[in-house]
Amino acid sequence: NDGRLRLSKAGLMYKNSKTGKVENIAAADLSEGVWRRVALGHGIKLLTRAGHVYKYDGFREGEFDKISDFFKTHFHVDLVEKDLCVKGWNWGSARFGGQLLSFDIGEQPAFELPLSNVSQCTTGKNEVTLEFHQNDDSDVSLMEIRFYVPPTQEDGVDPVEAFSKNVLSKADVIQATGDAVCIFRELQCLTPRGRYDIRIYPSFLHLHGKTFDYKIPYTTVLRLFLLPHKDQRQMFFVISLDPPIKQGQTRYHFLILLFSKDEDITLTLNMSEEEVEKRFEGKLKKNMSGCLYEMVSRVMKALVNRKITVPGNFQGHSGAQCITCSYKASSGLLYPLERGFIYVHKPPVHIRFDEVNCVNFARGTTTTRSFDFEIETKQASQYTFSNIEREEYGKLFDFVNAKKLNIKNRGLKEGVKQPYDDYADSDDDQQHDAYLERMKEEGKIRENADSDDSGDETGE
């Protein structure tokens with residue numbers, strides 16, 4: 001940020017020329033001043049007695065003597081010259097001072113991190129990962145940085161824990177303040193896989209498993225889905241997240257929980273009845289009992305304040321509200337919803353109708369007993385759901401037609417509406433086959449082109 005720095009006997013004043021914000025540092029508060037060479041010219045770093053750090057750069061080399069004398073005379077602080085390490089080494093020592101984590105190689109600092117920008121700090125075996133708040137003003141943001149912490153010989157001191165504690169003492173992290181509203185124990189989670197205890201707090205969700213620990217603020221929850229499994233005995237509860245939760249290099253945009261329909265629970269909220277009434281206005285009660293999936297979805301709906309999306313009026317051939325198919329390597333279920341499609345569970349895919357450019361019914365590669373359903377989005381990415389049973393064709397075609405989605409390969413006889421269902425089970429060639437229609441159409445175009453060419457030749 002550009003601005004003006006004014007030095008006076010009383011202290012320093014910096015005015016940001018973009019926002020007009022003014023920073024004042026009183027002379028008595030200054031404890032340390034460092035002069036160093038930075039990317040463009042020179043800069044000064046100031047430390048206050050309260051542990052705050054201020055950095056200003058854009059000074060010229062010749063100005064050092066003048067500023068140094070001023071500091072000495074009026075602030076009684078020596079402006080020390082320090083060089084940054086530019087060796088490019090990634091092995092050094094982390095030093096915590098005030099609000100900063102300084103990574104030093106030898107005696108020279110290589111880089112500094114303001115700990116107030118840390119949004120999450122997770123530990124692994126000999127490793128600490130820091131995640132940062134995104135800066136909306138800049139095009140490129142540093143999202144995370146990882147430190148390898150070697151094991152020490154000292155007993156009773158875990159260096160990883162010590163490092164993490166130092167970071168968390170100054171970081172702006174979601175802290176589990178107060179008590180959880182309620183806790184669901186050992187819920188089965190499909191992505192990320194495992195059994196997790198879910199603690200519901202007023203502003204975030206805490207997932208705690210054997211290996212991983214996630215805190216998910218409700219502001220990152222985009223949508224909630226409750227989907228019945230094809231076997232009618234289980235339910236999927238899907239939470240769509242943006243930004244996603246991260247584990248190492250893996251990002252999870254969806255949190256998928258699987259429930260058995262006959263699992264019941266009695267739930268008591270950790271609040272007084274008045275508080276429950278005041279906060280949730282009748283949506284929740286202090287004591288509730290019922291199916292586990294219903295309880296989880298009700299509590300989530302009330303806290304996140306988002307509607308839960310359930311499948312629309314689509315019914316497949318077997319009477320289920322979804323279609324069995326394969327996407328990429330694994331088999332799963334495709335749910336046609338009122339405003340989109342969702343596929344669970346590996347990998348989960350959610351496609352809104354307003355993103356869809358066109359859909360395509362393609363002939364399955366193996367046998368004629370199955371077909372592929374392709375969705376092309378406006379961003380030109382393509383999703384192919386394969387191995388769909390032939391019997392689902394009519395139902396899916398009618399659904400897509402009713403939603404007025406653009407079907408890429410409509411046959412020539414679009415005027416004649418064929419009663420697909422009358423012979424959905426027959427294997428004869430009379431059955432409506434979009435792939436065959438397309439081939440015939442292309443054949444006709446080719447024939448016409450050939451006849452035009454041959455006419456010219458005879459003319460010559």
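These numbers were taken from a predicted model, which means no experiment stands behind them.

Moving on, we get to the overall build of the protein chain. In terms of helices and strands, the protein chain carries six helices and 30 strands. Residues counted as buried form 40% of the 460 residues belonging to the protein chain. The long-range fraction of contacts in the protein chain, counting pairs at least 24 apart against all pairs at least 6 apart in sequence, stands at 43%. Carbon and sulfur atoms provide 46% of the accessible area of the protein chain, an area that totals close to 27,000 Å².

Pairing is mixed across the open sheet formed by eight strands, whose spatial order is E17-E16-E15-E14-E20-E19-E18-E23. Here the strands that pair on one side only, and so sit at the sheet edges, are strand E17 (213–217) and strand E23 (308–309). Here strand E18 (residues 221–228) runs beside E23; their pairing, made up of two bridges, is parallel. The residue of E23 that forms the bridge with Phe225 is Thr309.

Going through the model one piece at a time under the given rule, you end up with 11 salt bridges. Put simply, Arg146 and Glu127 hold a salt bridge, and the shortest N to O gap is 3.6 Å. Placement of Arg146 in strand E13 (residues 144–148) and of Glu127 in strand E12 (residues 127–132) is noted, with a sequence separation of 19 residues between them. Measuring nitrogen to oxygen at the nearest pair gives 3.9 Å for the salt bridge that ties Arg352 to Glu355. A single salt-bridge network, built from bridges that share partners, covers Arg36, Lys45, Lys55 and Glu112.

This part covers a positive patch on the surface. Together, Lys283, Lys301, Lys307 and Arg339 make up a positively charged patch on the protein surface. In this structure, Lys307 sits in the loop between helix H4 (292–304) and E23. Judged by relative accessible area, which is 72%, Lys307 ranks as exposed.

Two elements, strand E4 (residues 30–37) and strand E5 (residues 42–48), share seven bridges in a ladder whose sense is antiparallel. Its bridge partner lying in E5, Gly33 is registered against Leu46. The turn joining E4 and E5, which pair antiparallel and follow one another in sequence, is formed by four residues; a positive phi near 85° is taken by Gly41. In this sheet, strand E7 (residues 79–81) lies alongside E4 in parallel orientation, the contact comprising three bridges. Counted as the bridge partner of Val34 is Val80 from E7.

If you walk across this open sheet you meet the three strands as E11-E12-E13, and the pairing is antiparallel. Taken across any chain shown, the strands that pair with only one partner, and hence form the sheet edges, are strand E11 (118–124) and E13. Averaged over all pairs of adjacent strands, the angle between their axes in this sheet comes to 15°, without regard to strand direction. With six bridges connecting them, E11 and E12 associate as antiparallel partners. Bridge pairing links Cys121 to Leu130 in E12.

Before going further, it helps to examine helix H5 (residues 393–402). All buried positions along H5 are accounted for by Tyr393, Gly394, Leu396, Phe397, Phe399 and Val400. Following H5 by one or two positions, Lys404 has its phi on the positive side, about 55°.

Right, let's talk about helix H2 (residues 159–170) for a bit. An ideal rise of 1.5 Å per residue puts 16 Å on 12 residues; H2 measures up with 18 Å between its terminal C-alpha atoms. Pro159, Val160, Phe163, Ser164 and Val167 are the residues of H2 that are buried. Taken end-on, H2 shows its buried residues confined to a sector of 135°, consistent with a single buried face. Opposite the buried face of H2, by more than 90 degrees, sit the exposed residues Lys165 and Ser169. Looking at the buried side of H2, the elements it contacts are strand E8 (93–97), strand E9 (100–105), E11, E12 and E13.

In this section: the pairing of E9. In terms of burial, E9 is largely enclosed, as six of its six residues are buried. Of the two faces of E9, the one lined by Leu100, Ser102 and Asp104 and the one lined by Leu101, Phe103 and Ile105 are each fully buried. Sheet topology note: the E8/E9 ladder contains five bridges and is antiparallel. The partner of Arg95 across the bridge, within E9, is Ser102. Between E8 and E9, which pair antiparallel and follow one another directly, the connecting turn spans two residues, one of which, Gly98, has a positive phi of 65°. Alignment of E9 against strand E10 (residues 108–114), held across six bridges, turns out to be antiparallel.

A few words now on the nonpolar core. Phe184, Ile200, Leu205, Phe237, Ile239, Val299 and Met300 are the most contacted members of the largest nonpolar core, which totals 42 residues. Sort the elements by how many residues they give to this core and H4 lands first, with nine residues. Setting aside residues no more than four positions away along its own chain, Ile200 makes contact with Ala180, Val181, Cys182, Phe184, Leu205, Tyr218, Val299, Met300 and Leu303.

This part is about a negative patch on the surface. On the surface, Glu61, Asp65, Asp69, Glu81 and Asp83 cluster together into a patch of negative charge. Taking the relative accessible area as the measure of exposure, Glu81 reaches 55% and is therefore exposed.

Summarising the model, the protein chain shows a mean pLDDT of 78, and 87% of its residues fall at 70 or more. When pLDDT is averaged over each helix and strand of the protein chain, the minimum, 63, is found for helix H6 (residues 434–459) and the maximum, 87, for E13. Here residues 454–460 scores under 50 on pLDDT; set against residues more than four positions off or in separate chains, the count is zero contacts.

About the cut-offs
- Residues numbered from 1 in each chain as written.
- Predicted model: local features only at pLDDT ≥ 70, side-chain atom pairs only at ≥ 80, totals over all residues.
- Heavy atoms only, no water.
- Helix = DSSP H or I, 4+ residues; strand = E, 2+ residues; numbered from the N terminus.
- Buried < 20%, exposed > 50% of the residue type's maximum accessible area, 1.4 Å probe, protein only.
- Contact = heavy atoms within 4.5 Å.
- Areas by Shrake-Rupley, 256 points an atom, 1.4 Å probe, with all protein chains shown as cover.
- Pairing = 2+ DSSP bridges.
- Salt bridge = Lys/Arg side-chain N within 4 Å of Asp/Glu carboxyl O.
- Patch = residues over 30% accessible without salt bridge, like charges linked within 9 Å, V, L, I, M, F, W, Y side chains within 5 Å.
- Lys, Arg positive; Asp, Glu negative; His and termini not counted.
- Charge placed at Lys NZ, Arg CZ, Asp CG, Glu CD.
- Axes fitted to C-alpha atoms, helices over the stretch in contact; angles between N-to-C directions.
- Expected span 1.5 Å × (residues − 1).
- Arc of directions from axis to C-beta.
- Core = buried A, V, L, I, M, F, W, Y, C linked by side-chain atoms within 4.5 Å.
- pLDDT = per-residue confidence, 0-100.

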